[in-house]
Amino acid sequence: MRCFSAVVLAVVPVAVLAQGGLSVAGKKVELSTPVAVAVGVTQVYWQGEGKALVFYASDVDGKYLGVFNQESGKAKPAIRFTDGTEVRYEAWLPSRPVYLIATSRPVVGREWLHWAVTAIDARSMTAREVWSSEFPKEAEVGIHVEASPSLDHALITVNHGKERTPIVLLDGAVSAVYSRDVAAAWAQGSEFVGWSVDGTAYFSASPGATQERALLGEYTLARSLEKAAAEQTVELKLKVTSGEFILDSIPVLSFLLKASMVAPVAGTPVLELMPRNANLRPVLSRGPYVGPEVFPHVVYPKQEPAQVQSEERRDGVFSLWMVRLTGDEAEPFGRDGVLIAGQAGNSWMCDDGNWVAYESFGALFVRRITYGGQPFSGSLVRRLP
């Protein structure tokens, strides 16, 4: 990664926010010293617990996807993008800090595309293609990924024309294999029906069960949209195909709404995909996955107009502050705040509420957020009035 130095400017805020600080539930909000990550960054995706982040950036060698490890404080390019590369899927896996990304890129000298699924390990700062294949450019190819909510494991479906190939990312995200059991289950009419309480994939034990669940999902979705449709006076027409609900008669919008597949209730016969070998086994459902309680953020980064002033010159910029929503329509962000950066562009908060990344003077920085010296937690939210 190319080294760089940041320029520090004197900033005189003209925003309504004061520099007196910010408190949440009696806890003072503080920010750590900024840590420089990279330059030329356009987009950032945090790992859910703030252990790492990936970022899209450009340098003299072109566009790339980089990874930053919080523990080591180091960043490096993980994947270089050649001309014509398209990102088909990307997401953090839930356990280890592993970023899963599916791409397609032209094959040099041939009218083919190289399709690949790559696992970027932020802990070891390495990238490994766990699956790849090449198809003619004119072929109808697509990749659909179902990732486990609690394991570093996923079901990858490669669609090629009317054919589909099941690839299983084994738990640990080190390798992916073709699953003969899933292919056989599909041939018999079984389909993925959701994630178990343990984060393993369930398939229907019989074709009829899949169809019943799809019809039930269609009915539930239609009822949930009934009120919204009436209020917006938008005509909705639902049809179900391959486990997806398509809203195909909307005058203003046209989009695909995927049904959220919830595993069958405990005791239902199902086929369970073993995350370490991609085999299926008949079991009784242990119930659907129930995720941890999620708490909303209590502070947010917000840009405010400011002025940079020297003895002879001044200029307008945007400063970045950490603020808290007040619930007051007249002053939704209040008058208190913590200055993040004197001049900043985009900013990205981590899902856990403990980290903020932002762009300043063309460089990406990260800062830790603490509340009375402690990380954000559910107990803090429960103390709020």
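Residues numbered from 1 in each chain as written. Predicted model: local features only at pLDDT ≥ 70, side-chain atom pairs only at ≥ 80, totals over all residues. Heavy atoms only, no water.

*Asks:* Help me get a handle on the sheet that holds strand S11 (residues 112-121), residues and values and all.
*Replies:* Taken together, 4 strands build an open sheet; the order of strands is S9-S10-S11-S12 and the sheet is antiparallel. Taken across any chain shown, the strands that pair with only one partner, and hence form the sheet edges, are strand S9 (86-92) and strand S12 (126-136). Adjacent strand axes in the sheet meet at a mean angle of 15° when their direction is disregarded. Judged from the 10 bridges that link them, S11 and S12 form a sheet pairing that is antiparallel. The residue of S12 that forms the bridge with aspartate 121 is threonine 126. (Pairing = 2+ DSSP bridges. Helix = DSSP H or I, 4+ residues; strand = E, 2+ residues; numbered from the N terminus. Axes fitted to C-alpha atoms, helices over the stretch in contact; angles between N-to-C directions.)

*Asks:* A description of the pattern of salt bridges should follow, citing residues and the corresponding values.
*Replies:* Once the charged atoms of two side chains with opposite charge are near each other, the side chains can pair. Under the definition given, this model contains 15 salt bridges. Of the charged contacts, one joins arginine 80 and aspartate 61 as a salt bridge, the two residues approaching to 4.0 Å between their closest N and O atoms. Taken together, the residues span a long stretch of sequence, with arginine 80 in strand S8 (residues 74-80) and aspartate 61 in the loop between strand S6 (52-59) and strand S7 (62-69) at a distance of 19 residues. Judged by its relative accessible area of 36%, arginine 80 is partly exposed. One salt bridge in this structure joins arginine 96 and aspartate 121, with 2.2 Å as the shortest N-O distance. (Salt bridge = Lys/Arg side-chain N within 4 Å of Asp/Glu carboxyl O. Buried < 20%, exposed > 50% of the residue type's maximum accessible area, 1.4 Å probe, protein only.)

*Asks:* So what's going on with the sheet that holds S7? Residues and values would help.
*Replies:* Pairing within the open sheet is antiparallel, and its 4 strands lie in the order S5-S6-S7-S8. Here the strands that pair on one side only, and so sit at the sheet edges, are strand S5 (41-46) and S8. Here the strands of the sheet are splayed against their neighbours by 25° on average, with no regard to which way each runs. Note that S5 and S6 share 5 bridges and pair antiparallel. When the bridges of S6 are listed, valine 44 appears paired with phenylalanine 55.

*Asks:* Please give an account of the confidence of the model for the chain that cites residues and values.
*Replies:* Across the chain, pLDDT averages 83, with 81% of residues at or above 70. The low-confidence segment residues 1-19, where pLDDT is below 50, has 46 contacts with residues more than four positions distant or belonging to other chains. Note that pLDDT drops below 50 for residues 227-259; the model gives that stretch 45 contacts with residues more than four away or on any other chain. (pLDDT = per-residue confidence, 0-100. Contact = heavy atoms within 4.5 Å.)

*Asks:* An account of the pairing of S7 is requested, with residue identities and associated values reported.
*Replies:* Counting buried positions over the 8 residues of S7 gives 6, a clear majority of the element. Pairing geometry for S6 and S7, over 8 bridges, is antiparallel. Residue pairing for S7: valine 54 is matched across the bridge by valine 67. Connecting the antiparallel pair S6 and S7 is a turn made up of 2 residues. In textbook terms, the turn of a hairpin is the stretch between consecutive antiparallel strands, and for S7 and S8 this stretch comprises 4 residues, one of which, glycine 73, has a positive phi near 70°.

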